[in-house]
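Coordinate inspection notes
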Amino acid sequence: MKNDLASRPWKGAEREYDLLKELVIALAVVGALVLALSFAFGSPDDKSITLQSWAKAAPSDFVATAASELGGTSGTAGYGPPYNSASDGQVIGPINLQKLGGVRIPIDAAAVFVTTPLAKVSTDPAVTTAMSQWTGASADQQAKWAGDYGDAITKAPDGDYTKVATGDYGPVPAMTAALLASAQQGSLDGVLGNQGHFFDTNYTDSLLFIADGTYLEDQARAQHLGGDQWGMMNETGSYPGQSWLWLYTFWYQVEPFSSSGNADALVWGLMMLLTLGFVIVPFIPVVRSVPRWIPVHRLIWRDYYKAHPR
Amino acid sequence: MSVPHKYRAAPLALLSPMTALTGNLNGPGHYIDWGPIQISLANLVMILIGLALFVAALLLPFPKGRKRP
Amino acid sequence: MTIDETTADAPTTWTGHLRRRFFGTFPPEKLLPETQPEYVTSWIYVFGVATIAALIFIIGSGLVLTLQGPLWYHSSSLGHFVNSTHLWSVELFFLFMVVHLWGKFWMAAWRGRRAATWITGGICFLTSVGTAFTGYVMQTNFDAQWIATQAKDGLNSVGIGAWFNVLNLGQMLLFHVALLPLVLGGIVVWHVLLVRKHGVVPPIDAIDPSDATVEGAAS
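Because the structure is a prediction, the values reported are computed rather than measured.

Looking only at helices and strands, chain C has 10 helices and 1 strand in total. N-terminal to C-terminal, the α/β element order of chain C is α-α-α-β-α-α-α-α-α-α-α. For chain C, the residues scored as buried account for 47% of the 219 residues in total. Sequence separation of at least 24 residues holds for 70% of the intrachain contacts in chain C that already meet a minimum separation of 6.

Right, dumping it as C-alpha cells:
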C-alpha cells in the first residue's frame, strides 16, 4: 500500500490535545460507572460445592462416582495425560499434543479418590475388612465388582444406590457407603487429596472427584453453563459473563466439533490459527484491505476530509 | 471483658451501607435462543452497548480544539 | 576537556548508549505531547484511554482484594462490594477494548510501519483473556469449580494442562495476581510507547501536507 505519508512523522496542521486531562476525565467517568454498576448490580458469588454438600444432596451420584473410580471407568480414571496413561488423549490429525504433555499430575483414581482417604477417615473394622478384601482381589475381579455395582445403581429405581438388585459386588458397596458417610459428616473435605502437607493450596483431587459425578454438571447446566449451552460465555445468575469467548465457544456448538471426541484439541488448534491470523492482520492480503473497501473511516475522519477535499 | 467473636463483626456490618444499597442480579438468567445461538440477556445487552458505543463514537461530533502551529 | 565535551555526542558507556537510544526515540515532547494532528477529531479515539482507565480500576480493586486474602469477599459486605468493582471494571475493560479494536481495524491503523502497534494490541487482548481466566478460577466459589473443571479439558487436550493446572488454586492465584498482571502491564506500556513513537496514523488517502501548495492552487 502506498502509505509513504503514514510512515513519516506528521508535518501538517496540529490541534491542542491534552492527554493528561483526557486520562483524568476517563478515570472519573469509568470510576463513576464502576461504582454505579457495583451499587446497582453487585457481583455473583454462588457457594462452592463441598464433598459434604455433594454427598448430602446427591448420595447415589456420590456412591456411583466412587464405584466408577474403583472400577477405573470414571472420567479421570480413563482420562489419559496428564493424570494417567489409560488413554492417549485427544489428537489433531496425526499430532498428539496431549500425550506430549506427559503424565505430570499422576493420579491412581481408585487410591486417590477412595482407598487412601477411606483408610484415613474410617476406623470401622468392617471397612478395614472390606478394604483388605479389595486389595487382595485381582484387578479383573475389582473391575467386575465395581462395574457391576455401578450398572446396578443405574438400573435401580430412581438410580437409588440403596435399592440396587442383589448381586456380587464384593466389598464395593461397603467401601463406597463408608466413604459416603464420612463425606456427609464433613470428614472427607480436606482429607481427600491431601498429600500430607499442612498447607494445601492444590484442589486437583477434590475437583476431579466432584467433576467425575453428575451433580456438579447438573448444577451448572441449571444455570446455562454447560458446554453445549454456550456456557463458556455465561455467568451464574443474570450477570454478564465472558462475551469475548464467543468465537471459542461457538465452534463447540457446530459440526464437526460438536460430535467429535477430539473437540477440545481441534477447537484449540483452530483458535490458535485464527488467533495468529488476528495478530498478523497487517500482513494478510484482502483482510487488511477491507477497511479501505468498506469506508467506515470516512465517518471517523469526516472533519478532516471536509477540510481537505481531493 | 472480651466480646464474643460472633458479635464483633455485627456492628461493622450494620455500619456498612453496602448491604442496604447494593442490588444484585442473582435471579435466574434469561436466555435468548436464535437458531444455533443461545445467549444470555446480560451478554446480549453488553454486546449491544458495545455496538451502540461504536456507532455513537462514529457519529457524534467531536469538540474542536485550538489550532497550534 | 570538560566532562560535557567528552560525553556530549559520543557516549562511551552502556548507560550513555541506552540514554541516547531511549531519549532519541522518545524525546519528552514526544512522550507527553500537547498537540495531536488535526485529524484526531473523533470520539473513537477515547476508547484506548478508556480501556487503560478501566485497567487502572481493575488493578486498584484487585490490590484492595489482596489486602484480606482470597476468601475475604465471601464473608465481608465491604469485600463483596470491592469484588463487584473488580468484576465491573473487567466488564468495562473488555467492552472498551473491543470498541477500541473495532475502531483501529476500520482505520487500518497498522499502516505506516505500525504493524507492531497492532500486534502488541492483539497480544494485550489475548493476555487479558488469559489473565481474566485465572481470575475466574480463583474465585473460590461454585463458578470457579465449574470453570476450572471444564477448562482443564481444553488445556489438557493440547498438553498445556500438564504444566498449567487450573485445578491448583495456589498456582492460579499467583499467576493472576503476580505473573500475568506484570506481563500484561509490560505489553500495555510497550503498546502505548509504540503509539507515541509513530504517532496516530493519518487518515486513509490523506493529502500529504507538503502538497499544500497544490491544494491551495486547486481551491
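On we go from here.
Moving on to the overall build of chain B. In terms of regular secondary structure, chain B is built from 3 helices and 3 strands. Helices and strands in chain B line up, N terminus first, as α-α-β-β-α-β. Counting across all 69 residues of chain B, residues that qualify as buried make up 12%.

Attention shifts here to the domain arrangement of chain C. All names here are of chain C. Structurally, chain C comprises domain 1 (41–107) and domain 2 (113–200). Placing the centre of domain 1 and that of domain 2 at their C-alpha centroids yields a distance of 15 Å. On the side of domain 2, 11 residues touch domain 1, which itself brings 10 residues to the contact. When residues of the side of domain 1 that touches domain 2 are traced back to their parent elements, those giving at least two are helix H4 (46–67) and helix H6 (77–106).

So, about the confidence of the model for chain B. All names here are of chain B. Within chain B, residue pLDDT values average 79, and 68% of them lie at 70 or more. For chain B, helix H1 (residues 5–15) is the element with the lowest average pLDDT, namely 45, and helix H3 (residues 41–59) is the one with the highest, namely 97. In the predicted structure, residues 3–17 sits below a pLDDT of 50 and forms 5 contacts with residues beyond four places in sequence or in another chain.

Opposite the 80 residues of chain A that make contact, chain C presents 80 residues. No other element matches the 12 residues that helix H2 (residues 19–41) of chain A contributes to the side of chain A that touches chain C. Residues belonging to the side of chain A that touches chain C are distributed by class as follows: 44 nonpolar, 22 polar and 14 charged.

Residues and elements named next belong to chain A. By the element assignment, Met 175 lies in helix H9 (residues 172–185). Accessibility expressed as a C-beta count within 10 Å gives 28 for Met 175, which makes it buried. Between the C-alpha atoms of Met 175 and Ser 68, which are 107 residues apart in sequence, the distance is 12 Å.

Glancing now at the sheet that holds strand S1 (residues 14–16) of chain A. Pairing between the strands of a sheet comes from backbone hydrogen bonds, and it takes one of two forms, parallel or antiparallel. Taken in spatial order, the 3 strands make up an open sheet running S3(B)-S1(A)-S1(C), and their pairing is antiparallel. Looking at strand neighbours, the two that pair on one side only are strand S3 (67–68) of chain B together with strand S1 (35–37) of chain C, the edges of this open sheet. Bridge count for S1(A) against S3(B) is 2 bridges, and the pairing is antiparallel. In the sheet register, A:Arg15 faces S3(B), and the bridge partner there is B:Lys67.

Below, the discussion takes up the interface of chain A and chain B. Contact with chain A, which involves 26 residues of that partner, is made by 25 residues of chain B. Looking at the side of chain A that touches chain B, the elements with two or more residues in it are S1, H2 and helix H15 (297–300) of chain A.

Okay, the pairing of strand S1 (residues 31–34) of chain B next. As paired strands, S1(B) and strand S2 (residues 37–40) of chain B are joined by 4 bridges and run antiparallel to one another. When the sheet's bridge partners are listed, B:Tyr31 is paired in S2(B) with B:Ser40.

This part takes up the confidence of the model for chain C. Caution applies to low-pLDDT regions: their predicted coordinates should not be interpreted in detail. Residue and element names in this part refer to chain C. Confidence along chain C averages 93 in pLDDT terms, with 93% of residues attaining 70 or more. Here residues 1–5 is modelled with pLDDT under 50, and outside its nearest four sequence neighbours on either side it reaches 1 contact, counting other chains as well. Note that residues 214–219 has pLDDT below 50 and, in this model, 2 contacts with residues that lie over four places away or in other chains. Interface confidence in the predicted complex, given as ipTM, is 0.95; pTM for the same model is 0.92.

All names here are of chain C. Packing of helix H7 (residues 115–137) against helix H9 (residues 169–198) brings their axes to within 9 Å, and their N-to-C directions diverge by 160 degrees. For the element pair H7 / H9, the angle class is roughly antiparallel. Remark: the crossing between H7 and H9 carries left-handed chirality. Taken together, the residues of the contact of H7 with H9 break down into 15 nonpolar, 12 polar and no charged.

Our next topic: helix H10 (residues 204–212) of chain A. Across the 9 residues of H10(A), 9 count as buried, placing the element largely inside the fold. Residues of H10(A) that are buried: A:Thr204, A:Asp205, A:Ser206, A:Leu207, A:Leu208, A:Phe209, A:Ile210, A:Ala211 and A:Asp212. Those residues of H10(A) hidden inside the fold are in contact with helix H3 (51–57), helix H4 (59–71), helix H6 (109–121) and helix H11 (215–222) of chain A together with helix H8 (142–157) of chain C.

Here H2(A) spans 32 Å end to end across 23 residues, near enough to the 33 Å set by a 1.5 Å rise per residue. For H2(A), the complete set of buried residues consists of A:Ala26, A:Val30, A:Val34, A:Ser38 and A:Phe41. On its buried face, H2(A) is in contact with H4 and H6 of chain C. Among the residues trailing H2(A), A:Gly42 stands out with phi positive, at a value near 60 degrees.

Residue and element names in this part refer to chain A. Its place among the elements puts Arg 221 in helix H11. Separated by 70 residues in the primary sequence, Arg 221 and Asp 151 have C-alpha atoms spaced 24 Å apart. Not counting residues up to four positions away in its chain, the partners in contact with Arg 221 are Gly 226 and Gln 229.

Scoring rules and cut-offs
Residues numbered from 1 in each chain as written. Chains lettered and ligands numbered in written order. Predicted model: local features only at pLDDT ≥ 70, side-chain atom pairs only at ≥ 80, totals over all residues. Helix = DSSP H or I, 4+ residues; strand = E, 2+ residues; numbered from the N terminus. Buried ≥ 20, exposed ≤ 12 C-beta atoms within 10 Å, placed from the backbone. Contact = placed C-beta atoms within 7 Å. Domains from an automatic or database assignment. pLDDT = per-residue confidence, 0-100. Nonpolar A, V, L, I, M, F, W, Y, C, P; charged D, E, K, R; others polar. Pairing = 2+ DSSP bridges. Axes fitted to C-alpha atoms, helices over the stretch in contact; angles between N-to-C directions. Parallel < 35°, antiparallel > 145°, perpendicular 65-115°, else oblique. Left-handed = near helix turned anticlockwise from the far one by under 90°. Expected span 1.5 Å × (residues − 1).

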